[in-house]
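Structural characterization, general
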Amino acid sequence: MPAKKRLSIMEGMNKDKKNYKHNDDDYSKKVQDTFLDTIFDAIDEGAELGREILGMPGAVLGGIVGGVVGALGRVLGNIFA
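Here's what I pulled together on the structure shown here.

In this section: the overall build of the protein. Per the secondary structure count, the protein includes 2 helices and 0 strands. Classification of the 81 residues of the protein by burial places 15% in the buried group. Accessible surface, the protein: about 7,300 Å² in total, of which carbon and sulfur atoms supply 61%.

Encoded structure:
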């Protein structure tokens, strides 16, 4: 083996070539979309809960709080997962 080359040894490596063909831009877009879906779901849930408790003003406040809590929950969940 040449001195400037590296050899990687992996046990149980997936040999399916399709597994290694991907587009990082597409992956990044999917991650961003999933994150935004989580935020929007949290906003909807917060608004619904706020509306049940305080009516229309509660829906606005609940949507804001739900969005913030949803974003923080997602970020912290990924950090500590």
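Time to look at helix H2 (residues 56–80). When the terminal C-alpha atoms of H2 are compared, their 35 Å separation across 25 residues agrees well with the 36 Å that a helix rising 1.5 Å per residue should span. Within H2 the residues assigned to the buried category are Gly58, Ala59, Gly62, Gly63, Gly66, Gly67 and Gly70.

Moving on to a nonpolar patch on the surface. A cluster of nonpolar side chains, namely Val60, Ile64, Val68, Leu72, Val75, Leu76, Ile79 and Phe80, defines an oily patch on the protein surface of about 810 Å² accessible area. By the element assignment, leucine 72 lies in helix H2.

For the rest of this paragraph, the subject is a negative patch on the surface. A cluster of acidic side chains, namely Asp37, Asp41, Asp44, Glu45, Glu48 and Glu52, defines a negative patch on the protein surface. Of the residues examined, glutamate 48 reaches a relative accessible area of 47% and is grouped as partly exposed.

How each quantity is defined
- Residues numbered from 1 in each chain as written.
- Predicted model: local features only at pLDDT ≥ 70, side-chain atom pairs only at ≥ 80, totals over all residues.
- Heavy atoms only, no water.
- Helix = DSSP H or I, 4+ residues; strand = E, 2+ residues; numbered from the N terminus.
- Buried < 20%, exposed > 50% of the residue type's maximum accessible area, 1.4 Å probe, protein only.
- Areas by Shrake-Rupley, 256 points an atom, 1.4 Å probe, with all protein chains shown as cover.
- Expected span 1.5 Å × (residues − 1).
- Patch = residues over 30% accessible without salt bridge, like charges linked within 9 Å, V, L, I, M, F, W, Y side chains within 5 Å.
- Salt bridge = Lys/Arg side-chain N within 4 Å of Asp/Glu carboxyl O.
- Lys, Arg positive; Asp, Glu negative; His and termini not counted.
- Charge placed at Lys NZ, Arg CZ, Asp CG, Glu CD.

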